[in-house]
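Residue strings, one per chain:
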Amino acid sequence: MGNDKDSITVIDNRNGRQIELPIRKAAQGPDAVDIGRFFHELGYFTYDPGFLSTASCHSALTYLDGTQGMLQYRGYPIEQLAEHSNFLEVAHLMLYGELPSREELDKFSGIITHHSMLNEALKGFFRGFYHDAHPMAIMVGVVGSLSAFYHDSTDISNPRHREIAAHRMIAKMPSIAAASYKHSVGEPQVYPDNSLSYTGNLLNMMFAVPCETYEIDPVAEKALDLIFILHIDHEQNASTSTVRLAGSSGANPFACIASGIAALWGPAHGGANEAVLNMLDQIGDVKNIPAFLDRAKDRHDPFRLMGFGHRVYKNYDPRARIIRQMCHDVLARLGDASDPMFELALRLEEIALNDDYFIQRKLYPNVDFYSGLIYKALGIPTNMFTVMFAIARTVGWVAQWMEMIGEHDQRIGRPRQLYVGHRQRDYVPIEQRG
Ligand code: SDX
């Protein structure tokens, strides 16, 4: 056995067997030990529930450093993209790997704009839901049904089909989101307006009514575009991993995105932005913060401080830092700077960040802690917050799906398990059971 510097040696102390496992070098961040031969050569599975130390794939899309609180899309720091770019330009970056030229961006924006209409037959689908259906339930159902309409872009072996499906998903999510919202408020659906920006169109489809002209607030349009940039992708989070696993079986892209929407909905993941507002509403006043922090620290109490903590970030989530600053600007410019909910959030953050329990566990505000406050200031109802997250994350999901499907050695994902159930036993006829 050589002592190759690009491998690790594993010795089984039960029988002295020894194997060398190659180390795969990262472009930045931790390298990875390739354990593909582990079971075949040593007869053991590796065990990592929650995937705390497991890289499920290689990817060139997003890099994050949880210790430094760093996030980069295709190598560009999120802070620079937030300051200088826009959602569709970053979407192009994620899909094609490079920032577009002016001509490329105009062409890409035009393609997305002209895919934003929904098949008219889908209107009946929305009407099939009760008015009080959660918009995420509608979105999961409608997105999952899209393959029933678009047979011309579901051959995943065809790169052109994959690209068209990606364009369609990015383009139609705002239309589906707005239609879900309109159904919940009993108002007529508003068609996309090709003269508007991506976020201007979303605001118009959500809030315009036939009886009067709707003026799109440029502050809201820009704030939504920025928040969407921050939510585009985030490495192999739960919903992205769900999309990749669904895609690994060869499922059509619309079904894969629907699986991602379902995973995102959980309050531990994308559903946290809605849960944060509900939590702040529950806390109600600064004087109640200590009691809620005590509950958050109590292992026997399922209450968690929503919008705090992260599997990877053990520092301030860089997206939360940007959104926090945006809160100040947006609330001030929308004339709601004194929003008591925002003041309460700032005090909660201040008290939590000085509490030993949170300091020791490196629990900081994450992207969901402040985003809901901006959505609320933009007039977006709480049950639409995760829908907003899903619109933006669709870019990351389709980019990750395209990256995976495009690999020549792509295989179905099929984790194993540590079996802890009964050993083999014989059937007992019911007459002989106790
Ligand atoms: C998103 O993965 C991603 O990248 C997700 C995301 C993305 O862009 O895709 O960033 C978006 O989902 C952000 C996270 C939104 N969720 C929330 O805000 C829900 C509240 N947060 C927690 O549920 C929790 O922090 C998680 C789910 C986010 C992370 O769960 P982990 O990794 O299991 O938590 P951990 O291992 O870091 O916890 C360490 C300790 C534990 O206590 P001990 O066992 O050490 O005593 O901290 C505790 C946890 O119980 N803890 C919390 C807490 N989060 C962790 N205690 C109180 N309140 C919290 N919010």
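None of these values were measured; they are calculated from a predicted model. (Residues numbered from 1 in each chain as written. Predicted model: local features only at pLDDT ≥ 70, side-chain atom pairs only at ≥ 80, totals over all residues. Heavy atoms only, no water.)

Notes on the overall build of the protein
Here is the rule: Helix numbering and strand numbering both begin at the N terminus, where a helix is a DSSP run of H or I of at least 4 residues and a strand a DSSP run of E of at least 2. Two things to know: the radius of gyration comes from C-alpha atoms, and the globule rule equals 2.2 Å times the number of residues to the power 0.38. Each residue's exposure class comes from its accessible area (1.4 Å probe, protein chains only) as a fraction of the maximum for that residue type: buried when under 20%, exposed when over 50%, partly exposed otherwise.
Along the backbone of the protein there are 18 helices and six strands. The C-alpha atoms of the protein give a radius of gyration of 24 Å, which matches the 22 Å a tight globule of 434 residues would have. Each of the three principal axes of the protein carries a C-alpha extent, and together these read 80 × 65 × 60 Å. Residues counted as buried form 48% of the 434 residues belonging to the protein.

Overview of the site of the ligand
Selection criterion: Being near a molecule or strand, for a residue, means having at least one of its heavy atoms within 4 Å of it. Whenever a nitrogen or oxygen atom comes within 3.5 Å of another N or O atom, the pair is scored as a polar contact, on the condition that within protein one atom can donate a hydrogen and the other can accept it, and that pairs from neighbouring residues in sequence are kept only if both atoms are in side chains. The Shrake-Rupley method, run with a 1.4 Å probe sphere, supplies the accessible areas, and residue values consider only the shown protein chains as cover. Throughout, the ten residues Ala, Val, Leu, Ile, Met, Phe, Trp, Tyr, Cys and Pro are labelled nonpolar, Asp, Glu, Lys and Arg are labelled charged, and all others, Gly among them, are labelled polar.
In the vicinity of the ligand lie 25 residues, with H234, G307, H310, R311 and R319 positioned nearest. One of the side-chain nitrogen or oxygen atoms of H234 is found 2.6 Å away from an oxygen atom of the ligand. In this structure, an oxygen atom belonging to the ligand sits 3.2 Å away from a side-chain N or O atom of R299. Protein chains shield 78% of the accessible area of the ligand, which is 1100 Å² for the free molecule. In terms of residue class, the shell around the ligand is built from ten nonpolar, seven polar and eight charged.

Re the pairing of strand β5 (residues 70–73)
Our working definition: At least two DSSP bridges between two strands are required for those strands to pair.
Two elements, strand β4 (residues 62–65) and β5, share four bridges in a ladder whose sense is antiparallel. From the neighbouring strand, T62 faces β5, where its bridge partner is Y73. A loop of four residues connects β4 with β5, the two strands running antiparallel in sequence, and G69 in this loop sits at a positive phi of about 65°. Bridging between β5 and strand β6 (residues 76–77) involves two bridges; their strand directions are antiparallel. By the bridge assignment, Q72 is partnered in β6 with P77. The hairpin formed by β5 and β6 contains two residues between the paired strands, and R74 there has a positive phi angle of roughly 50°.

A closer look at the sheet that holds β6
If you trace the three strands from one edge of the open sheet to the other, you get β4-β5-β6, paired in antiparallel fashion. Strands at the two margins of the open sheet, each flanked by one partner only, are β4 and β6.

A word on the nonpolar core
Counted only if it meets this: The definition of a nonpolar core used throughout is a set of buried Ala, Val, Leu, Ile, Met, Phe, Trp, Tyr and Cys residues joined through side-chain atoms within 4.5 Å. Any two residues whose heavy atoms approach within 4.5 Å are treated as being in contact.
If you look at the biggest cluster of nonpolar residues, it comprises 120 residues, and the most contacted ones within it are Y73, M139, F228, L305, Y370, I380 and M388. Ranked by the residues each element gives to this core, the list is headed by helix α18 (residues 385–405), at 15 residues. In contact with M388, other than residues within four places in its own chain, are L202, M206, L224, F228, Y375 and I380.

So, the state of the cysteines
Filter applied, for reference: Pairs of cysteine sulfur atoms within 2.5 Å are identified as disulfides in what follows.
All chains considered together, the criterion is met by zero disulfides. The thiol of C256 is unpaired, and the distance to the nearest cysteine sulfur, on C57, comes to 14 Å.

Describing a nonpolar patch on the surface
The cut-off we apply is this: In this analysis, a patch consists of residues with relative accessible area above 30% that form no salt bridge, clustered at 9 Å for like charges and at 5 Å for the nonpolar side chains Val, Leu, Ile, Met, Phe, Trp and Tyr. Definition used for salt bridges: Asp or Glu carboxyl oxygen within 4 Å of a side-chain nitrogen of Lys or Arg.
A contiguous nonpolar surface patch, about 200 Å² in accessible area, is contributed by I8, V33 and I35. Locating V33 in the fold gives a position in strand β3 (residues 32–33).

Examining the pattern of salt bridges
Per the counting criterion, the structure on display carries 14 salt bridges. Across the salt bridge formed by D106 and R102, the nearest N and O atoms sit 3.9 Å from each other. With D106 and R102 both in helix α4 (residues 102–113) and four residues apart, this pair spans about one turn of that helix. Given the relative accessible area of 62%, R102 is considered exposed. Its salt-bridge partner being D301, residue R295 comes within 2.7 Å of it at the nearest N-O pair.

Some thoughts on the environment of I412
Positionally, I412 belongs in the segment after α18. On a C-alpha basis, the gap between I412 and Q80 in space is 36 Å, while along the polypeptide they are 332 residues apart. When sequence neighbours within four positions are dropped, the list of residues in contact with I412 reads S248 and S249.

A closer look at helix α10 (residues 238–248)
Quick reminder: α-helices carry 3.6 residues per turn. Residues three or four places apart thus point the same way. Among the residues of α10, S239, T240, V243, R244, G247 and S248 are the ones counted as buried. Where α10 is buried, its residues touch α11 (253–264) and α18. A positive backbone phi angle near 90° is found at G250, which sits one or two residues after α10.

Quick word on the side chain of H115
Along the polypeptide, H115 turns up in the loop between α4 and α5 (122–127). What H115 contacts, discounting residues up to four positions off in sequence, is I164, H167, R168, A171 and K172.

Things to note about the packing of aromatic side chains
Both the distance between ring centres and the angle between the ring planes are used here to describe each pair of aromatic rings. Rule in force here: Here the aromatic set is Phe, Tyr and Trp, taking the six-membered ring for Trp, and pairing holds for ring centres within 6.5 Å; pairs whose planes are under 30 degrees apart are stacked, those over 60 apart are edge-to-face, and all others are tilted.
Inspection of every chain in the model, using the stated rule, returns 16 aromatic pairs. Seen in terms of ring centroids, F39 and F45 are 4.8 Å apart; in terms of plane orientation they differ by 35°. Their pairing is tilted. Classification of F39 by relative accessible area gives partly exposed; the value is 44%. A residue is classified by how much of its surface remains accessible, and F45, at 35% relative accessible area, is partly exposed.

Looking at the sheet that holds strand β2 (residues 18–24)
One open sheet holds the three strands; their spatial order is β1-β2-β3, and the pairing between them is antiparallel. What marks the edges here is a single partner per strand, and that holds for β1 (7–11) and β3. By the bridge criterion, five bridges tie β1 to β2 in an arrangement that is antiparallel. Bridged to V10 within β2 is I19.

Some remarks on helix α12 (residues 272–283)
For clarity, the cut-off: Here, expected helix span is obtained from the residue count minus one, scaled by 1.5 Å.
Compared with the 16 Å implied by 1.5 Å per residue over twelve residues, the 16 Å span of α12 between its first and last C-alpha is a close match. The element α12 is largely enclosed, with a buried count of nine among its twelve residues. Listed as buried for α12 are A272, N273, E274, A275, V276, L277, M279, L280 and I283. Buried residues along α12 sit against α13 (289–297), α15 (340–352), α17 (367–377) and α18. A positive phi of about 75° marks G284, the residue just after α12.

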